[in-house]
Amino acid sequence: MNNSDINILIVDDEFSVRDSLYKWFRSDGFNVDTAENAAAALEKFKSKNWDIVLLDIKMPGMDGIEFNRHIQSLNKNIIVIIITAYASVDTAVQSIKDGAFEYITKPIDPDNLTHVIRNAIEKRRLTRENLELRQKIEDLTSPDDIVGTSPQLRQVLKMVAAVAKTDSTVMIRGESGTGKELIARAIHSNSLRRYAPIISINCGALTDTLLESELFGHEKGSFTGADRLRIGKLERANNGTVFFDEIGNISMKMQMDLLRVLETKHFTRVGSDKPIAVDFRIISATNRDLERAVAEGHFREDLYFRLNVVTIDIPPLRERREDIPLLAQYFFNKYTQSMTKPIKEISAAAMNQLINYDWPGNVRELRNVIERAIVVCDGEVITPEDLSFPFSARSKQAIGDSLEAVEKNHIERILNRTNWQISQAAEILQIDRTTLYHKIKKYNLTKTM
Amino acid sequence: MTKRIYVIPIGFNDRSLFDPLCLSLAHRFGMPAQIEHKPINIHRAFDPYRNQYNSSVLLAQLIEDPPPDAGRILGVCNFDLFIPILTYVFGEAQLEGIGAIVSIYRLKNEFYGGQSDHHLLMERLLKEATHELGHTYHLYHCHNMGCVMNSSVYVEDIDEKSVRFCRECERMILNQAQK
């Protein structure tokens, strides 16, 4: 930051003070202006953002103490340095309490003025840097993968916005791949806790012992292999958010331990009896029917109610098909850019398949299908041949449980995938061409694309 | 008309300081420098409460009715200077003007309880005179520690820097001189 980037406003009713400070700061290359009273200074506030304001206490009209309060109400990042001819501890304390950065008595020792200004600039630099970093954090944590305009998604986002402002525990429910963690991150990044971490814990992936150590941490030597102190995820999430994914999968013992933490806001590391205070918000997610688990005695009812203050249900992708083209295009843009492939678009036929597919794996599956299509695509357009649906037997067109229905659907899918190249399809199906022709006739299959 | 630097003694006239000062300033700023006597009312600048002289009041008198060939006017006094907001100053200058003033009062070793050192006083005076005249060329304080335009709060700061402009300040002086 150069001195010429720093705007200093001098507010003093004495011309000689304004003039001498003006010259002093100008000779240092600062951008300086003066005002003879608070009213004139307020006018200057309309046209410029001031970094540092040197403010006389004794002025006719609004005095410096009052004007300092006004400046602080306008912008707390402005650094106010109070100057006065009357050294009074009371006024000094009051102005500092009101947010002034420093208090100096005139005449000022040149060395003192230099130090005060240097410190003020450093503080201003740190404030600016802090604001920039916060902006960067917000940019990084903004969950940009939430794409769609369907009423169902809009309703979810409305809930996210409403619940983010509170500190309530949230239960997110939805099928696998619907984006439960993204929604949790969206709540966190819009909450007052956004500058503290959001810590994710996949309860389904860990054994009881591992989960305990993961959550609470452990002291060195607390068990075989604990060769050093480990800070648990709850401790790391202090002031932030803990996201418990697959919460329905934790054991009864862990449910009890977790309930205790939620009730007392304290926990102890494994191998220690020293309680540690924590403050975090809990967001949990599940794709299980927790009410049923409670009814069957597999999930504690008291924990269920603690975790489930607000519920957000994320609809499966098949229930918001109008979002599929937007999501497909979003992932298409994302992966063509990151893979730097010269693919221009998704063909209408391919998009049609994407829209009609049932997406049992939801948005995650759609993302994977698009990513794979971009990898395998050799041309400039993604065609149906580039698409591969791992769960396509469950697609919309494959309704029916009989062996014949499944066979018909499977043959049709392979034919479409091979663009009705009979030899290639027969080879994949491991039947001869005659049998394949026979089956095509039997199931009345026709080439549609 | 050849522009020149007028060096105006205020309150004292020590040729052993002024003659070498003129020579050095002429060399540094590329124009002749000479001593000029001008009546200055120092009582108008005196503040009895502070027992100091207001440098801005003196500077205003120095630049009043300048000679037509005055490229720069430098007042040199031997009493303590101040500007209203600060406890003291070594000197003052018009940023991008023609006038500057320096005082030898706080440049003397005796002020700090030391032995008189004429050579050191001469060096400090030349640095401060060059520094203040540098401001008249629209130079700001320079962050380059060795540059004469580096800000000096204490006399030790003056002793630490050189009498020369850094390359960047030198370039700006040349640009301004060509205007």
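Quantities reported herein were computed from a predicted structural model and do not represent experimental measurements.

Asks: Give me the lowdown on the overall build of chain B, citing residues and values where you can.
Replies: Of the regular secondary structure elements, chain B holds five helices and eight strands. Listing the helices and strands of chain B from first to last along the sequence gives β-α-β-β-β-α-β-β-β-β-α-α-α. Out of the 179 residues belonging to chain B, those deemed buried represent 53%. Taking as baseline every contact in chain B between residues at least 6 positions apart, the subset at least 24 positions apart corresponds to 66%. A total of about 8,300 Å² of accessible surface is found on chain B, and carbon and sulfur atoms cover 51% of it.

Asks: So what about the confidence of the model for chain A? Which residues, and what values?
Replies: All names here are of chain A. Chain-level pLDDT for chain A is 85 on average; 94% of the residues reach the 70-or-more range. The least confident element of chain A is helix α4 (residues 89-97), whose mean pLDDT is 77; the most confident is strand β6 (residues 170-173), at 95. Here residues 393-399 is modelled with pLDDT under 50, and outside its nearest four sequence neighbours on either side it reaches 14 contacts, counting other chains as well.

Asks: I'd like to hear about the sheet that holds strand β7 (residues 198-202) of chain A, residue by residue, with values.
Replies: Residue and element names in this part refer to chain A. Reading across the sheet, the five strands line up as β7-β10-β13-β6-β14 and stay open at both edges, with parallel pairing between neighbours. Each edge of the open sheet is held by one strand with a lone partner, namely β7 and β14 (310-313). On average, each strand axis in the sheet is tilted by 20° relative to the strand beside it, whichever way the strands run. With four bridges joining them, β6 and β14 adopt parallel strand pairing. What sits directly across from I172, in β14, is I312. Its contacts with the sheet place helix α7 (residues 180-189) against β6, β7, β10 (241-245), β13 (281-286) and β14, and it is angled at close to 150° to β6.

Asks: Tell me about the pairing of strand β3 (residues 52-56) of chain A, residues and numbers included.
Replies: Residues and elements named next belong to chain A. Burial runs high along β3: five of the five residues are buried. With four bridges joining them, strand β1 (residues 7-11) and β3 adopt parallel strand pairing. Bridge assignment links V11 to a residue of β3, and that residue is L55. Note: β3 against strand β4 (residues 79-84), five bridges, orientation parallel. When the bridges of β4 are listed, D56 appears paired with I83.

Asks: Tell me about the side chain of K439 of chain A, and name the residues and values.
Replies: Residue and element names in this part refer to chain A. Here K439 is to be found in helix α18 (residues 433-442). For K439, a relative accessible area of 18% gives the class buried. Look past the residues within four positions of K439 in its chain and what remains in contact with it is E407 and I411.

Asks: Outline a nonpolar patch on the surface, listing residues and values.
Replies: A surface patch of nonpolar side chains, about 270 Å² in accessible area, is lined by Y105, F111 and Y112 of chain B. Looking at the secondary structure, you find F111 of chain B in the loop between β8 (99-103) and α3 (118-136).

Asks: Kindly report on the interface of chain A and chain B, identifying the contributing residues and their values.
Replies: In this assembly, 19 residues from chain A lie in contact with 17 residues from chain B. Roughly 1,600 Å² is buried in total at the junction of chain A and chain B, and carbon and sulfur atoms are behind 64% of that figure. For the salt bridge of K23 of chain A with E92 of chain B, the shortest nitrogen-to-oxygen distance reads 3.1 Å. Taken together, the connections running from chain A to chain B amount to eight residue pairs in polar contact (both at pLDDT 80 or more).

Asks: I'd like a description of the packing of helix α16 (residues 403-417) of chain A against helix α17 (residues 422-429) of chain A, backed by residues and values.
Replies: All names here are of chain A. Where α16 meets α17, the axes come as close as 9 Å, and the angle between the chain directions of the two elements is 135°. On the basis of their axis angle, the class for α16 and α17 is oblique. α16 and α17 meet at a crossing whose hand is right-handed. Counting all contacts with α16, which are made through H410, I411, I414, L415 and R417, the residues of α17 involved are I422, A425, I428 and L429. Here the contact of α16 with α17 is built from residues that sort into seven nonpolar, one polar and one charged.

Asks: I'd like to hear about helix α14 (residues 348-356) of chain A, residue by residue, with values.
Replies: Residue and element names in this part refer to chain A. Taken together, the buried positions of α14 are occupied by A350, M351, Q353 and L354. When α14 is viewed along its axis, its buried side chains cluster within an angular range of 155° and face the same direction. Residues of α14 that are buried sit in contact with α13 (324-339), β15 (345-346), α15 (362-376) and β16 (381-382).

Asks: I'd like to hear about the pattern of salt bridges, residue by residue, with values.
Replies: Counted by the stated rule, this structure contains 40 salt bridges over all chains. Taking the shortest distance from any N to any O, the salt bridge between R193 of chain A and D167 of chain A comes out at 2.8 Å. Of this pair, R193 of chain A sits in the loop between α7 and β7 while D167 of chain A sits in the loop between α6 (151-164) and β6; the two residues are 26 residues apart in sequence, bridging distant segments of the chain. A relative accessible area of 10% means that R193 of chain A is categorised as buried. Of the charged contacts in the structure, one is a salt bridge between D69 of chain B and R4 of chain B, with a shortest N-O distance of 3.0 Å. Taken as a pair, D69 of chain B in the loop between α2 (55-62) and β5 (70-77) and R4 of chain B in strand β1 (residues 4-10) lie far apart in primary sequence, 65 residues in all.

Asks: Before we move on, could you go through the sheet that holds β4 of chain A and cite the residues and values that matter?
Replies: All names here are of chain A. Here we have five strands laid out as an open sheet, ordered β2-β1-β3-β4-β5, and parallel in their pairing. One side of each edge strand has no neighbouring strand; the edge strands of this open sheet are β2 (31-35) and β5 (102-105). Taken pair by pair, the neighbouring strands of this sheet meet at an average axis angle of 20°, ignoring direction. Packing against the sheet, helix α1 (residues 15-26) makes contact with β1, β2, β3 and β4, and its axis sits at approximately 175° to β2. Across the sheet, helix α2 (residues 38-47) is in contact with β1, β2 and β3; its angle to β1 comes to roughly 160°.

What counts as what
Residues numbered from 1 in each chain as written. Chains lettered and ligands numbered in written order. Predicted model: local features only at pLDDT ≥ 70, side-chain atom pairs only at ≥ 80, totals over all residues. Heavy atoms only, no water. Helix = DSSP H or I, 4+ residues; strand = E, 2+ residues; numbered from the N terminus. Buried < 20%, exposed > 50% of the residue type's maximum accessible area, 1.4 Å probe, protein only. Contact = heavy atoms within 4.5 Å. Areas by Shrake-Rupley, 256 points an atom, 1.4 Å probe, with all protein chains shown as cover. pLDDT = per-residue confidence, 0-100. Pairing = 2+ DSSP bridges. Axes fitted to C-alpha atoms, helices over the stretch in contact; angles between N-to-C directions. Patch = residues over 30% accessible without salt bridge, like charges linked within 9 Å, V, L, I, M, F, W, Y side chains within 5 Å. Salt bridge = Lys/Arg side-chain N within 4 Å of Asp/Glu carboxyl O. Buried area = accessible area lost by both parts, 1.4 Å probe. Polar contact = N/O pair within 3.5 Å; in protein donor to acceptor, adjacent residues only side chain to side chain. Parallel < 35°, antiparallel > 145°, perpendicular 65-115°, else oblique. Left-handed = near helix turned anticlockwise from the far one by under 90°. Nonpolar A, V, L, I, M, F, W, Y, C, P; charged D, E, K, R; others polar. Arc of directions from axis to C-beta.

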